[in-house]
Amino acid sequence: MPHPMLTLEQLNSATQADFTAFLDGVYEHSPWIAEQTWHARPFASLAHLKRALIETLRSSPHEARLGLIKAHPELAGKAMVTKSLTAESTNEQSKAGLTDCTPEEFQRIQQLNADYNAKFGFPFILAVRGPRGLGLNRHEIIATFARRLNNPVEFEFDEALRNIHRIAEIRLNDKFATEPVLGNLVWDWHEELARHTETGYAERGELCVTYLTDAHRAAARELASRMREECGFDEVTIDAVGNVVGVYFGSDPQAKRLLTGSHYDTVRNGGKYDGRLGILVPMACVRELHRAGRRLPYGIEVVGFAEEEGQRYKATFLGSGALTGHFNKAWLDQLDADGVPMRAAMAAADLDISAIDALQRDPSRYLGFVETHIEQGPVLNDLDLPLGIVTSINGSVRYVGQVTGMASHAGTTPMTMRRDAAAAAAELVLYAEKRGGAVQDLVATVGMLEVPNGSINVVPGRCRFSLDVRATTNEVRDAAAADIRKELAAICERRGLQYMLEETMQADAAPCAPEWRARWESAVEALGLPVFRLPSGAGLDAMMLHRVMPQAMLFLRGLNAGISHNPLESITNDDTELCVRAFQNLLNQLASDLT
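Structural notes, computed from the coordinates. (Residues numbered from 1 in each chain as written. Predicted model: local features only at pLDDT ≥ 70, side-chain atom pairs only at ≥ 80, totals over all residues. Heavy atoms only, no water.)

## Side note on the packing of aromatic side chains
Logical step 1: The tally for this structure, following the rule as stated, stands at twelve aromatic pairs.
Logical step 2: Consider the rings of Phe124 and Phe145, whose centres lie 3.9 Å apart with planes at 10 degrees: the pair is stacked. Remark: Phe145 occurs in helix α9 (residues 138-148) and Phe124 occurs in the loop between α8 (103-120) and α9; sequence separation between them is 21 residues.
Logical step 3: Look at Phe124 and you get buried, because its relative accessible area is 1%. (Phe/Tyr/Trp six-rings, centres within 6.5 Å; stacked < 30°, edge-to-face > 60°. Helix = DSSP H or I, 4+ residues; strand = E, 2+ residues; numbered from the N terminus. Buried < 20%, exposed > 50% of the residue type's maximum accessible area, 1.4 Å probe, protein only.)

Structure below.
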């Protein structure tokens with residue numbers, strides 16, 4: 001007989017003992033978590049309750065958190081064999097097929113369990129029902145197990161807790177008989193869009209969609225078809241640079257529009273959510289408006305930007321740049337790796353180059369630009385927060401440089417007589433690290449370091465390097481870059497070396513518009529979640545739109561320490577549901593502001 005559905009009203013009015021009993025089994029053999037969370041009542045939403053439970057655990061002593069981890073059974077371990085798992089764990093492990101392991105799979109998992117316990121001192125924890133809630137397969141579980149075995153102990157301790165929170169989230173959904181319907185919808189759309197991938201990558205099960213390849217054009221057609229047939233957009237076009245544009249009219253078709261969107265191209269062997277989330281989330285919102293027969297006092301224009309990554313051609317933000325009047329016609333003569341000019345690729349895709357100039361939008365016809373995006377970083381994941389409000393897209397400056405000294409014999413050249421280019425570059429790396437860490441929201445990175453024609457028994461005579469400096473304001477960025485350049489000069493003078501440093505790129509910071517940022521904050525707060533603000537260290541399409549209209553962004557947590565541009569890039573259906581709901585809240589708030 002199914003358990004009756006739990007409600008927030010029951011929890012909010014319950015005694016501490018009843019509250020604890022209602023939430024029995026959410027956290028494995030650890031009723032103290034619910035018991036302490038009772039004091040945080042009343043809960044405005046299920047998301048609020050989930051967050052309160054997390055905060056109880058985050059504020060608990062290390063020993064208590066370790067005890068919670070140790071309360072969990074091993075995957076496919078003795079408790080499963082002897083059928084002594086809790087009902088919740090039995091359900092989860094059986095859904096993942098762990099009760100049907102082959103002898104070889106079972107042996108592999110047992111060995112991984114032993115190796116993991118020997119290294120970490122606690123059992124491996126994985127939310128085996130997965131980011132979609134339908135269950136991971138045994139291959140995915142074993143691969144994740146093996147990968148996480150390489151993590152540092154401190155990181156893996158926190159990763160175990162993050163998976164415990166995910167397990168608890170799914171168990172709470174079961175107790176409340178709730179399902180993230182819109183989160184599942186957007187998740188499934190990502191999966192279906194990811195079927196389009198380029199030859200050579202498809203065979204390896206990898207995702208690669210670069211500008212105007214067959215996979216890219218197929219993705220554009222799918223987006224356009226879904227906008228038109230499933231979501232109810234009034235106008236859908238693929239424009240002269242390959243952007244997919246969907247327009248949902250306001251109650252007055254001539255009303256100003258809210259512009260939103262992101263890119264649908266990917267890096268090579270990339271993830272499924274970078275960029276695409278920012279297209280599919282507003283598409284889901286329009287779908288819900290259309291299904292309700294509802295019009296807002298403004299229009300919504302969703303753009304799937306054709307190119308942002310600069311993978312096939314060295315032309316980043318090509319799609320959004322066309323809308324702001326920054327499409328560089330010199331790009332048309334660039335060649336890809338096969339010698340195909342961009343103009344030829346566009347002609348083959350039936351794109352009208354002569355119509356590119358007409359794509360420039362009139363900012364007076366728009367209210368502003370908003371974008372949802374995965375964070376592409378570890379901050380939200382580390383804080384166990386599903387959503388974050390972006391304060392600014394960092395300004396950046398990049399350099400390539402070279403230090404030149406004197407190559408000499410490693411055995412015969414005294415340490416006091418060397419002119420070691422690599423040692424000088426190493427000093428610079430450490431200074432850049434120190435300078436980048438001296439100011440909040442400033443980062444400095446030497447990502448490439450090379451000794452040309454280096455040899456094990458030769459003092460390096462040359463060392464090439466890169467430098468990337470980013471900050472939330474141009475002033476902070478420029479001050480750090482100036483200090484690093486000054487330090488490079490001082491290092492080389494002291495060591496008797498020469499150097500060259502060439503600036504290769506500079507992009508201005510793009511602070512989010514305060515009034516639009518406030519709307520995102522209200523939208524998140526209305527969900528019962530804390531408002532957390534953070535900068536974007538990555539360059540995004542909103543940077544381009546910032547040039548012509550106010551913009552603001554919402555970040556969605558990524559799993560696996562927020563890794564992006566990688567097949568491990570991942571999000572959950574529950575987080576995605578919150579992202580869609582936050583977008584709907586923003587739309588409603590904007591409608592209220594305009595009436």
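Once the structure has been displayed, the description carries forward.
## A closer look at the pairing of strand β7 (residues 395-404)
Logical step 1: With seven of ten residues buried, β7 is to be regarded as a mostly interior element.
Logical step 2: Direction of pairing for β7 relative to strand β13 (residues 498-507): antiparallel, over a ladder of nine bridges. Residue Gly401 lies in a different strand from β13, and its bridge partner there is Leu501. (Pairing = 2+ DSSP bridges.)

## Considerations on the environment of Tyr248
Logical step 1: Within the secondary structure, Tyr248 sits in strand β2 (residues 244-248).
Logical step 2: It is 21 Å that separates the C-alpha atoms of Tyr248 and His373, two residues lying 125 residues apart in sequence.
Logical step 3: In this view, Tyr248 contacts Gly232, Phe233, Asp234, Val286, Leu289, His290, Arg294, Arg295, Gly299 and Ile300; residues no more than four positions away in its chain are not counted.
Logical step 4: A distance of 2.6 Å separates the side chain of Tyr248 from the backbone oxygen of Arg294, its partner in a polar contact. (Contact = heavy atoms within 4.5 Å. Polar contact = N/O pair within 3.5 Å; in protein donor to acceptor, adjacent residues only side chain to side chain.)

## What about the layout of surface pockets?
Using a probe with the size of a water molecule, rolled over the atoms, empty space left in the structure can be pinpointed.
Logical step 1: When its volume is computed, the second largest pocket comes out at roughly 1200 Å³.
Logical step 2: Lining the second largest pocket are 43 residues, and of these Phe317, Arg398, Arg470, Ala538 and Gly539 sit closest to its centre.
Logical step 3: Going through the elements one at a time, β7, β13, β15 (533-536) and α20 (541-545) are the ones with two or more residues in the lining of the second largest pocket.
Logical step 4: The element best represented in the lining of the second largest pocket is β15, accounting for four residues. (1 Å grid on protein atoms, 1.4 Å probe; cavity = no way out; pocket = protein on both sides within 12 Å on 5 of 7 lines; lining within 4 Å. Points joined across faces, edges and corners; volume = space filled by probe spheres on them.)

## Some points on the nonpolar core
Logical step 1: Tyr211, Met283, Met342, Leu387 and Trp520 are the most contacted members of the largest nonpolar core, which totals 101 residues.
Logical step 2: For Met342, the residues in contact, after removing those within four places along its chain, are Tyr211, Tyr313, Ala315, Leu318, Phe327, Trp331, Leu332 and Gln334.
Logical step 3: Counting 47 residues, the second largest nonpolar core, distinct from the first, contains Ile33, Ile69, Tyr116 and Leu136. (Core = buried A, V, L, I, M, F, W, Y, C linked by side-chain atoms within 4.5 Å.)

## Overview of the side chain of Arg361
Logical step 1: Within the secondary structure, Arg361 sits in the loop between α15 (342-348) and β5 (366-374).
Logical step 2: With a relative accessible area of 17%, Arg361 lands in the buried category.
Logical step 3: At 2.6 Å, the side chain of Arg361 and the backbone oxygen of Leu359 are in polar contact.
Logical step 4: When neighbours within four sequence positions are excluded, Arg361 is seen to be in contact with Val245, Glu301, Leu323 and Tyr366.

## Some words on helix α13 (residues 277-291)
Residue pairs spaced three or four apart in an α-helix point in one direction, given the helix's 3.6 residues per turn.
Logical step 1: Relative to the 21 Å expected for 15 residues at 1.5 Å per residue, α13 spans 21 Å between its end C-alpha atoms, a close match to the ideal helical length.
Logical step 2: Burial analysis of α13 places twelve of its 15 residues in the buried class, the great majority of the element.
Logical step 3: The first or second residue beyond α13 is Gly293, which carries a positive phi of 65 degrees. (Expected span 1.5 Å × (residues − 1).)

## Focus: the pattern of salt bridges
Logical step 1: If you walk through the whole model with that rule in mind, you get 40 salt bridges.
Logical step 2: Here Glu427 and Arg494 are joined by a salt bridge, their closest N and O atoms 2.8 Å apart. Placement of the pair is Glu427 in helix α17 (residues 421-436) and Arg494 in helix α18 (residues 474-495), with a sequence separation of 67 residues.
Logical step 3: Given a relative accessible area of 24%, Glu427 falls into the partly exposed group.
Logical step 4: A relative accessible area of 53% means that Arg494 is categorised as exposed.
Logical step 5: For Arg470, the salt bridge goes to Asp468, with nearest N and O atoms at 2.9 Å. The residues Arg470 and Asp468 share a single accessibility class, namely buried. (Salt bridge = Lys/Arg side-chain N within 4 Å of Asp/Glu carboxyl O.)

## Considering the pairing of strand β3 (residues 257-263)
Two faces belong to every sheet, and in a regular strand the side chains alternate between them.
Logical step 1: Within β3, seven of the seven residues are buried, which leaves it mostly tucked inside the rest of the structure.
Logical step 2: Where burial is concerned, the two faces of β3 agree: the one with Arg257, Leu259, Gly261 and His263 and the one with Leu258, Thr260 and Ser262 are both buried.
Logical step 3: With respect to chirality, the unit in which β3 leads through α13 into the neighbouring parallel strand β4 (residues 299-305) is right-handed.
Logical step 4: Sheet topology note: the β3/β5 ladder contains four bridges and is parallel. Considered in β5, the bridge of Leu258 is made with Gly368. (Right-handed = clockwise from strand over helix to strand, strands pointing away.)

## Description of the environment of Gly232
Logical step 1: Mapped onto the fold, Gly232 is located in the loop between α12 (214-231) and β1 (235-238).
Logical step 2: As a C-alpha pair, Gly232 and Glu105 span 127 residues in sequence and 47 Å in three-dimensional space.

## Considerations on the side chain of Glu569
Logical step 1: Inspection of the secondary structure puts Glu569 in the loop between β16 (551-556) and α21 (573-593).
Logical step 2: Despite its burial, Glu569 pairs with no opposite charge; the closest candidate is Arg276, at 8.0 Å N-O.
Logical step 3: Excluding anything up to four places from it in sequence, Glu569 contacts Gly271, Lys272, Tyr273, Asp274, Ile374, Ile563 and Ser564. (Lys, Arg positive; Asp, Glu negative; His and termini not counted.)

## Comments concerning α12
Logical step 1: Relative to the 26 Å expected for 18 residues at 1.5 Å per residue, α12 spans 24 Å between its end C-alpha atoms, a close match to the ideal helical length.
Logical step 2: Of all the residues in α12, the buried ones are Ala215, His216, Ala218, Ala219, Ala220, Glu222, Leu223, Ala224, Arg226, Met227 and Cys231.
Logical step 3: Buried residues along α12 sit against α11 (181-193), β1, β2, α13 and β4.
Logical step 4: One or two residues past the end of α12 sits Gly232, with phi positive at roughly 80 degrees.

## Some points on the state of the cysteines
Logical step 1: Inspection of every chain in the model, using the stated rule, returns zero disulfides.
Logical step 2: Cysteine Cys285 shares no disulfide, and the gap to the nearest cysteine sulfur, in Cys579, comes to 8.3 Å. (Disulfide = S-S within 2.5 Å.)

## So, the environment of His190
Logical step 1: Positionally, His190 belongs in helix α11.
Logical step 2: For His190, a relative accessible area of 1% corresponds to the buried category.
Logical step 3: For the pair His190 and Met543, spaced 353 residues apart in the sequence, the C-alpha separation amounts to 24 Å.
Logical step 4: Every residue in contact with His190, bar those within four places of it in the chain, is listed here: Lys272, Tyr273, Arg276, Leu277 and Leu280.
Logical step 5: A distance of 3.3 Å separates the side chain of His190 from the backbone nitrogen of Leu277, its partner in a polar contact.

Function cannot be read off these values alone, since they describe shape.
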